Amino acid sequence: MADWRGKITSVSKTKGTTAPESAKRAGLGCLGIIIAVVSILTLLITIGLFKSGFVLMGSFATLFLLISMATTVLLLVPRKHNPL
């Protein structure tokens, strides 16, 4: 518990220009998970639109789905960190 409090204290002491690397990764992970959920819901909406015959709206939904999936991949795929 003390370790967790220490992490929270170190994040809260930042001036706003920098943040610990673990806090940045946690924030990007949460954002990636939220966008992944939006992608799944958009997929369901897109399937429903195409089944109902709304091809034009389904095309726009498909475009949004592709953009949100690409964003999810970019956020959740780990990048190489410079060890120096």
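Residues numbered from 1 in each chain as written. Predicted model: local features only at pLDDT ≥ 70, side-chain atom pairs only at ≥ 80, totals over all residues. Heavy atoms only, no water.

A. Looking closely at the overall build of the chain. Secondary structure summary: the chain contains 3 helices and 0 strands in total. Beginning at the N terminus, the succession of helices and strands in the chain can be written as α-α-α. Buried positions account for 14% of the 84 residues belonging to the chain. For the chain, long-range pairs separated by at least 24 residues make up 53% of all intrachain contacts whose partners lie at least 6 apart in sequence. Accessible surface for the chain amounts to roughly 6,900 Å². Of this, 75% is attributable to carbon and sulfur atoms. (Helix = DSSP H or I, 4+ residues; strand = E, 2+ residues; numbered from the N terminus. Buried < 20%, exposed > 50% of the residue type's maximum accessible area, 1.4 Å probe, protein only. Contact = heavy atoms within 4.5 Å. Areas by Shrake-Rupley, 256 points an atom, 1.4 Å probe, with all protein chains shown as cover.)

B. The arrangement of helix H3 (residues 55–76) in detail. The end-to-end C-alpha distance of H3, which contains 22 residues, comes to 31 Å, matching closely the 32 Å that a straight helix rising 1.5 Å per residue would cover. Inspection of H3 places Gly58, Ala61, Leu65, Ser68, Thr72 and Leu75 among the buried residues, and these make up the whole buried set. Buried residues in H3, looked at end-on, bunch into an arc of 105 degrees, giving them a common side. Exposed and oriented more than 90 degrees from the buried face of H3 are Val55, Leu56, Phe60, Leu66, Val73 and Leu74. On the buried face of H3, the contacting elements are helix H2 (21–52). (Expected span 1.5 Å × (residues − 1). Arc of directions from axis to C-beta.)

C. Up close: the UniProt feature "transmembrane region" (unreviewed entry) in the chain. Mapped onto the present numbering, the UniProt feature "transmembrane region" (unreviewed entry) falls at residues 28–50 and 56–77. End-to-end, the C-alpha atoms of residues 28–50 are 32 Å apart, and along that stretch the chain is 100% helix and 0% strand. In residues 56–77, helix accounts for 95% and strand for 0%; the two terminal C-alpha atoms are 32 Å from one another. (UniProt positions renumbered as here; feature names shortened; annotations may be inferred.)

D. Spatial organisation of the packing of H2 against H3. Between H2 and H3, whose axes approach to 8 Å, the crossing angle comes to 160 degrees. Of the possible angle classes, the one that applies to H2 and H3 is roughly antiparallel. The handedness of the crossing between H2 and H3 comes out as left-handed. (Axes fitted to C-alpha atoms, helices over the stretch in contact; angles between N-to-C directions. Parallel < 35°, antiparallel > 145°, perpendicular 65-115°, else oblique. Left-handed = near helix turned anticlockwise from the far one by under 90°.)

E. H2, seen in detail. The end-to-end C-alpha distance of H2 is 46 Å, a good match for the 46 Å that 32 residues give at a rise of 1.5 Å each. Gly32, Ile35, Ser39, Thr42, Thr46 and Leu49 are the residues of H2 that are buried. On the buried face of H2, the contacting elements are H3. Where H2 ends, the next residue or the one after it, Gly53, has phi of about 95 degrees, a positive value.

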